[in-house]
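Listed below are the residues making up each chain.
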Amino acid sequence: MTVTHETLDAGATLPAEAIDAIERAATAAHPHEELFSARAANIKQSAVRDVFDISMQPGLVSLAGGNPYLQSLPLEQLGQTAARIIAEEGMTALQYGGGQGTEELRAQICEIMAAEGITNADPGNIVITAGSQSAQDVATKVFCNPGDVVLVENPTYVGALNTFEAYQVQVEPVEMDDDGLVPELLEARIAALQSEGKNIKFLYTIPNFNNPSGITLAAERRQRIVDICRDANIIVLEDNPYGLLRFDGHPIAPMRADNPDDVIYLGSFSKIFAPGLRIGWALVPAHLQRRFYLASEAVTLCPPPLNQMLVSAYLRDYDWQGQIDTYRSLYAERCEALLSALDEHMPAGLTWTRPAGGFFVWVTLPEGVDTYPLLGKAIDAGVVFIPGAAFSPADGPSNKLRLAFSAVPPDTIAEGVRRLAPVLAEAIKATNEGAAQ
């Protein structure tokens, strides 16, 4: 076995002096270290990826990864479709393609967005990307210089934080309440930053079932958020991978619906179809489209034609809307199982969100409890979660954690919560006893 930091952290049974020696060897500077750019120092592996690897261990209940439940897809038929595409259209599917993406898929994406309320999209303003993660990267590259400011909800998606930090931008969080981003706090934060001479480029927001909190931005706040940003000449980067997964089947209209010039809308097939295909998109205002497209093409050259053609076949030949209905029902059942288990097992002093869709529940422990050190204890107890500190640009401990319900059957969810509850109860007791001394 190769001993790495990960295996050491997992409890390698080596003498202390051997562990010390290996740690020194592992962290010793290689001459190539001096070749790294300043930007590279900001690129780091996310806590979600670290925990994702751990969560694959047999016997662990993983409430960590936000994976879609692919077992509900017609996998055998999709396999036959993929084979047919290669056999009959292989010269197109396996060749280089256009940098903006296929015309068919961009037109189909307009139909998907129309189901959420964006009825005025032009396929010519859509850029196919390697998931919405790639679109976040392109937007940051196009708009941000080192030292520029990006505003985010607090908490927000860890992958976006990693992207922003890699481009050496200043990430500034704005607080949410149960109805999402608070307009008055956003307005005040913008004014304070601009008074300091800061250059704010965009607001990154996940308005529907925010990852990690599960909170949805209230419909009545959405236009106000866009208006505040427009008045300050700030673009809104609206990331909406979960919008169609609202349990009641009635999505809230995106901010982009009535604001085609002020919002860059990011979508993805990762949550509504298959994340392994790595197909997402950006609907870009017409006056920004060319810069965005060229920046995307410079990185990927072209999105993979085979993957796009498989997505198009799925949208054309399968009941994709019926599959989304299946997902809604399945995730609603699992979300309810998680909430019921939390109600039954969790100690006093905790609160949690009650999402109306998406994949996640956000748990808040009493002040003074740091959830990161509890991860190892939870793994020992047979359950995995994501500590809250991963989802904030601020350094320091967090008394919050994320639980994911999307990929776990209801009975297993209940068992995972049952295992986790004593770990949290012990931490709260220790914190209270420490405060009393």
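Structure shown above.
Predicted, not measured: the structure shown is a model, and the values here were computed from it.

Calculation rules
Residues numbered from 1 in each chain as written. Predicted model: local features only at pLDDT ≥ 70, side-chain atom pairs only at ≥ 80, totals over all residues. Heavy atoms only, no water. Helix = DSSP H or I, 4+ residues; strand = E, 2+ residues; numbered from the N terminus. Contact = heavy atoms within 4.5 Å. Pairing = 2+ DSSP bridges. Axes fitted to C-alpha atoms, helices over the stretch in contact; angles between N-to-C directions. Parallel < 35°, antiparallel > 145°, perpendicular 65-115°, else oblique. Left-handed = near helix turned anticlockwise from the far one by under 90°. Nonpolar A, V, L, I, M, F, W, Y, C, P; charged D, E, K, R; others polar. Buried < 20%, exposed > 50% of the residue type's maximum accessible area, 1.4 Å probe, protein only. Polar contact = N/O pair within 3.5 Å; in protein donor to acceptor, adjacent residues only side chain to side chain. Salt bridge = Lys/Arg side-chain N within 4 Å of Asp/Glu carboxyl O. Phe/Tyr/Trp six-rings, centres within 6.5 Å; stacked < 30°, edge-to-face > 60°. Expected span 1.5 Å × (residues − 1). Bend = angle between axes of the 7 residues up to and from the residue. Right-handed = clockwise from strand over helix to strand, strands pointing away.

**Here's the deal with the overall build of the protein**
In terms of regular secondary structure, the protein is built from 14 helices and 14 strands. Intrachain contacts of the protein at a sequence separation of at least 6 include 75% that bridge at least 24 residues.

**A few points about the sheet that holds strand 11 (residues 360-364)**
Pairing is antiparallel in the open sheet, where four strands are placed in the order 10-11-14-13. Two strands bound the open sheet, and with one partner strand each, they are strand 10 (351-352) and strand 13 (386-387).

**Structural notes on the pairing of strand 4 (residues 170-177)**
Inspection of the sheet shows strand 3 (residues 149-154) paired to strand 4 by six bridges, in the parallel sense. Residue Glu153 lies in a different strand from strand 4, and its bridge partner there is Val174. In this structure, the hairpin formed by strand 4 and strand 5 (residues 180-181) is closed by a connection of two residues.

**Remarks on the packing of helix 5 (residues 103-114) against helix 11 (residues 305-317)**
Closest axis-to-axis distance for the helix 5/helix 11 pair is 10 Å, and the angle between their directions is 45 degrees. If you check the angle between helix 5 and helix 11, you find them oblique. As helix 5 runs across helix 11, the sense of the crossing is left-handed. Counted together, Glu104, Leu105, Gln108 and Ile112 of helix 5 and Gln308, Val311, Ser312, Leu315 and Arg316 of helix 11 form the full contact between these two elements. Of the residues contributing to the contact of helix 5 with helix 11, the split by class is four nonpolar, three polar and two charged.

**A few points about the side chain of Ser268**
Mapping Ser268 onto the fold places it in strand 8 (residues 263-268). Since its relative accessible area comes to 5%, Ser268 is described here as buried. At 2.9 Å, the side chain of Ser268 and the backbone nitrogen of Ser270 are in polar contact. Discounting residues that sit within four places of it in the chain, Ser268 has contacts with Ser132, Pro241, Ile279, Gly280 and Trp281.

**Structural notes on the pattern of salt bridges**
The final tally for this structure, using the stated rule, is 15 salt bridges. Notably, a salt bridge pairs Arg84 with Glu88, separated by 3.6 Å at the nearest N-O pair. With a gap of four residues between them, Arg84 and Glu88 both fall in helix 4 (residues 75-93), about one helical turn apart. Judged by relative accessible area, which is 57%, Glu88 ranks as exposed. For the salt bridge of Glu172 with Arg189, the shortest nitrogen-to-oxygen distance reads 2.5 Å.

**A few points about the packing of aromatic side chains**
All chains considered together, the criterion is met by twelve aromatic pairs. Note on Tyr327 and Tyr331: the rings are 5.4 Å apart at their centroids and 5 degrees apart in plane angle, and the pair reads as stacked. Pair noted here: Tyr327 and Tyr331 are both in helix 12 (residues 320-345), with a separation of four residues, about one helical turn. A relative accessible area of 0% means that Tyr327 is categorised as buried. Overall, the relative accessible area of 0% leaves Tyr331 in the buried class.

**Brief notes about helix 4**
If you check helix 4, its first and last C-alpha atoms are just 20 Å apart, much less than what 19 residues at 1.5 Å a residue would give, namely 27 Å. In helix 4, a bend of some 65 degrees at Ala87 exceeds every other bend along the element. Within helix 4 the residues assigned to the buried category are Leu78, Thr81, Ile85, Gly90 and Ala93. Turning to helix 4, the residues buried within the fold contact helix 11.

**Considerations on helix 11**
Taking 1.5 Å per residue, 13 residues should reach 18 Å; helix 11 reaches 18 Å between its end C-alpha atoms and fits that length. Burial within helix 11 is extensive, with ten of its 13 residues counted as buried. If you check which residues of helix 11 are buried, you get Pro305, Asn307, Gln308, Met309, Leu310, Val311, Ser312, Ala313, Tyr314 and Leu315.

**Brief notes about the environment of Gly66**
Its location among the elements puts Gly66 in the loop between strand 1 (61-62) and helix 4. Along the backbone, Gly66 and Arg402 are 336 residues apart, and their C-alpha atoms lie at a distance of 9.9 Å. Residues in contact with Gly66, not counting those within four places in the same chain, are Lys271, Phe359, Phe360, Arg402, Ala404 and Ser406.

**Brief notes about the pairing of strand 6 (residues 200-205)**
Among the six residues of strand 6, six are classified as buried, and the element is accordingly described as predominantly covered. Pairing geometry for strand 3 and strand 6, over four bridges, is parallel. Within strand 6, the residue paired with Val150 across the bridge is Phe202. Relative to strand 7 (residues 235-239), strand 6 is paired through four bridges, and the arrangement is parallel. Residue pairing in the sheet places Phe202 in a bridge with Ile235 of strand 7. A crossover connection joins strand 6 to the parallel strand 7 through helix 9 (residues 219-231); in handedness this β-α-β unit is right-handed.

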